[in-house]
Amino acid sequence: MILDTIVAATRERVAVLKKVKPIEAVRQAALVRAEEERTASGGTFTFPFERALMEGSMNFICEIKKASPSKGVIVEEFPFVDIAKEYEEAGAAAISVLTEPAYFMGVDSYVTDVADVVTIPILRKDFIVDEYQIYESKVLGASAILLLCSVLDEEELARFMALATELGLSCLVEAHNEEEVKKALAVNARIIGINNRDLKDFSVDVGNSIRLRSLIPDGVIVVAESGIKSADEIEALREHQIHAALIGETLMRSEDKTKALTELFGPVRGLQVKICGLSRTEDITVVNNPAVRPTYAGFVFAESPRRVSVSDARNLISQMAPQIQAVGVFVNEDVETMAHLAETVPLQVIQLHGDETEDMIKQLRQLTTARIWKAVRVQSEDDVLRWNESVADLLLFDAYKTDAYGGTGHVFDWKLLKKCTKPFILAGGIHSKNVARAIRNVKPYAIDASSGLETDGVKNKEKIFHFMDIIKKVRN
Ligand SMILES: O=P(O)(O)OC[C@@H](O)[C@@H](O)c1c[nH]c2ccccc12
């Protein structure tokens, strides 16, 4: 049986590795790395892999795999670093990297190379039979490892999971049948992967993950693995509360990963875009381009590197395509001034980005017909709930930073927005690498980007075009 052959080859591989680099050295390196990470995140591990699988209604683990025993070589061209970048932009929650050399043509260093270019977590996919490989996975920069119920007994599973947890690694515990699911549950797996492919004869049945899913209690993350090709399959997985789909071949073979994930996830219609912090004539030329043309363009009147004077704003807005609505961004400005500027610049929207109160919004409402947006800098769920009843036309959620009111380039925890019942605008460190995930997982009315579209403090044309291109593919 192929699985036995791969496992035997893996044992030999590990035996050789141990001679080249003794386990004690790898263990030390892993412990150092784990300790650094723990300290950096304030004393506890953050387990980014499992958190990423809880973000949206369907999360994708996109796989980097040159070959497989069932399909042989899948792609001749294998620019795996570019593929990893594309996966991240396409909206992958995590990336799975095959490192098994003999049957999947994997290489250990792929993990490190991918970790260098993406910020999303990486699953190191290999046939783990020895603690050595767990330490190694940590050193390579993985956030998670794969443990196979078909290869490991309960004692090994429990021991390997405990070691992984100690190192801050998550475990995707893979099962293919009822007996293996029970085994995964017996060792308290936090993430169970249900493989649709039978590793004994390579037959694939996507219904397998749906059938076995019912055996798994709430609170355990469920991942459907293998053979996933269509939007209908993803919809069925979603209906059965499966949190994530691990997809290899379908994505490796697709020319455009962003389009491929949109096909699978389904398009997100109706999303609006605001590009904030325009300050130069060149910026106006870019937004006027039909390929860009956001619904809203923001002009910052408050203290900021992107501040514009009233006369500059007037001049820039007069050159702007009439379809684009001008948003004036203010911080703790007095209401008369804002109402006057809305009239005279003119501005279609007043965005309050400071410590304005609900009373101020009401006063402003009396003075202007411009729409009023209130920016809320989110530190906790309470910040969101407090503004739920506001008379503002829309809320805009941004990251909190003590020393700045906005445009900080920081991303906040989007899960804090779950209880927001009204349409809102999402801001805070949005750029081409996280916009697809932001749109699909947070489902805002509009997305607002500023610093993520800049280079050296000014708007970058290429970044803006690329950003809009991704958004178009996500909206389809
Ligand atoms: O390429 P596919 O059919 O989308 O499958 C991906 C992944 O599930 C598959 O590579 C896999 C699932 N379990 C494994 C165990 C080892 C190696 C590989 C795998």
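These numbers were taken from a predicted model, which means no experiment stands behind them.

Caption draft 1: Just the domain arrangement of the protein chain, in detail. Along its sequence, the protein chain is carved into domain 1 (2–263) and domain 2 (272–475). The distance between the C-alpha centroids of domain 1 and domain 2 comes to 38 Å. Counting residues at the interface gives 18 residues for domain 1, matched by 13 residues for domain 2. Both sides together, the interface formed by domain 1 and domain 2 hides about 1,400 Å², and carbon and sulfur atoms give 43% of it.

Caption draft 2: The pairing of strand β6 (residues 144–148), seen in detail. The buried fraction of β6 amounts to five of the five residues, a majority that puts the element mostly inside the structure. Along β6, one buried face is formed by A144, L146 and L148 and the opposite face, lined by I145 and L147, is buried too. Bridge count between strand β5 (residues 122–125) and β6: two bridges; the pairing is parallel. Bridging across to β6, R124 finds its partner in I145. In this fold, the crossover linking β5 to β6 by way of helix α7 (residues 131–140) has right-handed handedness. As defined by bridge partners, β6 adjoins strand β7 (residues 170–175) across five bridges and the pair is classed as parallel. Bridging across to β7, L147 finds its partner in V173. Traced from β6 through helix α8 (residues 154–166) to β7, the parallel crossover comes out right-handed.

Caption draft 3: Spatial organisation of helix α4 (residues 80–90). By the burial criterion, the buried members of α4 are F80, I83, A84, Y87, E88, E89 and A90. A positive phi of about 110° marks G91, the residue just after α4.

Caption draft 4: Expanded view of the site of the ligand. Close to the ligand lie 16 residues, the nearest being E63, E174, R197, G248 and E249. At 2.7 Å from an oxygen atom of the ligand is found a side-chain nitrogen or oxygen belonging to K65. With respect to the ligand, the backbone of G227 contributes an N or O atom lying 2.8 Å from an oxygen atom. For the ligand, whose accessible area on its own is 440 Å², the fraction buried by protein is 98%. Tallied by class, residues from the shell around the ligand come to five nonpolar, four polar and seven charged.

Conventions adopted
Residues numbered from 1 in each chain as written. Predicted model: local features only at pLDDT ≥ 70, side-chain atom pairs only at ≥ 80, totals over all residues. Heavy atoms only, no water. Domains from an automatic or database assignment. Contact = heavy atoms within 4.5 Å. Buried area = accessible area lost by both parts, 1.4 Å probe. Buried < 20%, exposed > 50% of the residue type's maximum accessible area, 1.4 Å probe, protein only. Helix = DSSP H or I, 4+ residues; strand = E, 2+ residues; numbered from the N terminus. Pairing = 2+ DSSP bridges. Right-handed = clockwise from strand over helix to strand, strands pointing away. Near = heavy atom within 4 Å. Polar contact = N/O pair within 3.5 Å; in protein donor to acceptor, adjacent residues only side chain to side chain. Areas by Shrake-Rupley, 256 points an atom, 1.4 Å probe, with all protein chains shown as cover. Nonpolar A, V, L, I, M, F, W, Y, C, P; charged D, E, K, R; others polar.

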